[in-house]
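One letter stands for each residue in the lines below.
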Amino acid sequence: QNIVYYDTVDSTQKIAHELSQKGAEEGTLVVADEQTGGRGRMARVWYSPKGTGIWMSIILRPNIPLQKTPQLTLLTAVALVEGIEEATGLSPTIKWPNDILINGKKAVGILTELEAEADQVHSVIIGIGINVNQQIDEFPEAIRNTATSIAIEKGEKIHRALIIQKFLERFEKWYTTYLEHGFKPIKLLWESYSISLNKTIHARTLSGTVVGKALGINEEGALLIETSEGKIEKVYSADIDIK
Ligand code: BTN
């Protein structure tokens, strides 16, 4: 596997897109010690200070149709839960679609971006931000109540390389399984790590809010929500609040 390391970049996503355009091989990993323009989902900023977190992007070239790419985000979440658990002994959980929480606070974010033509995926860039060694007063005030780091939850600092290594082992295993056997085995694991299931949630989508009970995910990775009228809604992209 190719690992490309930088001290400071604007965003590892941007670098990964550039490398991908130049034909970088599948599995290429871009890691940076600091990002000056870290991007989150929904055009948000991802705070990426020097030396305390893991800011990385993976280039994948799966032979799958466009509508299956959300499965890769879910697969990445499973690998992160297991990798972090192995490296730290903590028990992270997943909040659909792509937040990893530790003791109920967000420690990891995933941002999946595509390069595609018609229905064919050219490459998938999976960006991962892991808060590892920050202390609480190092977070911007706006996220201090909702964000956490592995060090805060574990009560001690931890080597970032160990987390990357454990994550990559799990990721390789589940990605290979996925290419050989499809999404089913990963779906079951994802549901077992998810905190959102069987709870009442509010899903804020671009076209409005869906309220109901989270039943699970379908083959495509969409969240299934049962409304009070008994209707089952599929949500592909949203911010969710758990009630
Ligand atoms: C989220 O909004 O939860 C997703 C955050 C993703 C952050 C990571 S850090 C590495 C990669 N480079 C970026 O600019 N963003 C992703």
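Cut-off values and rules
Residues numbered from 1 in each chain as written. Predicted model: local features only at pLDDT ≥ 70, side-chain atom pairs only at ≥ 80, totals over all residues. Heavy atoms only, no water. Axes fitted to C-alpha atoms, helices over the stretch in contact; angles between N-to-C directions. Helix = DSSP H or I, 4+ residues; strand = E, 2+ residues; numbered from the N terminus. Parallel < 35°, antiparallel > 145°, perpendicular 65-115°, else oblique. Contact = heavy atoms within 4.5 Å. Nonpolar A, V, L, I, M, F, W, Y, C, P; charged D, E, K, R; others polar. Near = heavy atom within 4 Å. Polar contact = N/O pair within 3.5 Å; in protein donor to acceptor, adjacent residues only side chain to side chain. Areas by Shrake-Rupley, 256 points an atom, 1.4 Å probe, with all protein chains shown as cover. Domains from an automatic or database assignment. Buried area = accessible area lost by both parts, 1.4 Å probe. Salt bridge = Lys/Arg side-chain N within 4 Å of Asp/Glu carboxyl O. Buried < 20%, exposed > 50% of the residue type's maximum accessible area, 1.4 Å probe, protein only.

### Focus on the packing of helix α4 (residues 160–181) against helix α5 (residues 184–193)
Here comes step 1: Across the interface, α4 lies against α5 with an axial gap of 8 Å and an inter-helix angle of 135°. Our classification of the angle between α4 and α5 gives oblique. Facing α4, whose interface residues are W174, T177, Y178 and H181, α5 presents P185, I186 and L189.
Here comes step 2: For the contact of α4 with α5, the class distribution of residues is five nonpolar, two polar and no charged.

### Focus on the site of the ligand
Here comes step 1: The immediate surroundings of the ligand are formed by 20 residues, with S11, Q35, R39, R41 and K106 found nearest.
Here comes step 2: Measuring from a nitrogen atom of the ligand, one finds a side-chain N or O atom of Q35 at 2.9 Å.
Here comes step 3: Summarising the interface, the protein chains cover 98% of the accessible area of the ligand, which totals 420 Å² for the free molecule.
Here comes step 4: Broken down by element, the shell around the ligand gets its largest block of residues, four residues, from strand β6 (residues 105–117).
Here comes step 5: For the shell around the ligand, the per-class residue count stands at six nonpolar, ten polar and four charged.

### A word on the domain arrangement of the chain
Here comes step 1: Along its sequence, the chain is carved into domain 1 (3–193) and domain 2 (200–242).
Here comes step 2: On a C-alpha basis, the centroid separation for the pair domain 1 and domain 2 is 23 Å.
Here comes step 3: Each partner contributes to the interface: domain 1 provides 15 residues, whereas domain 2 provides 15 residues.
Here comes step 4: For the domain 1 and domain 2 pair, buried surface summed over both sides reaches about 1,300 Å², with 58% attributable to carbon and sulfur atoms.
Here comes step 5: Broken down residue by residue, the surface that domain 1 buries against domain 2 is led by M42, K95 and W96, which jointly contribute 44%.
Here comes step 6: Between domain 1 and domain 2 we count two salt bridges in total.
Here comes step 7: D239 is the partner of R44 in a salt bridge, and the nearest nitrogen-oxygen pair spans 3.2 Å.
Here comes step 8: At the junction of domain 1 and domain 2, the tally comes to seven residue pairs in polar contact (both at pLDDT 80 or more).

### Remarks on the pattern of salt bridges
Here comes step 1: Throughout the structure, instances matching the rule amount to 14 salt bridges.
Here comes step 2: E233 is the partner of K231 in a salt bridge, and the nearest nitrogen-oxygen pair spans 3.4 Å.
Here comes step 3: Given the relative accessible area of 26%, E233 is considered partly exposed.
Here comes step 4: Through salt bridges with shared partners, one network takes in E82, E86, K166 and R170.

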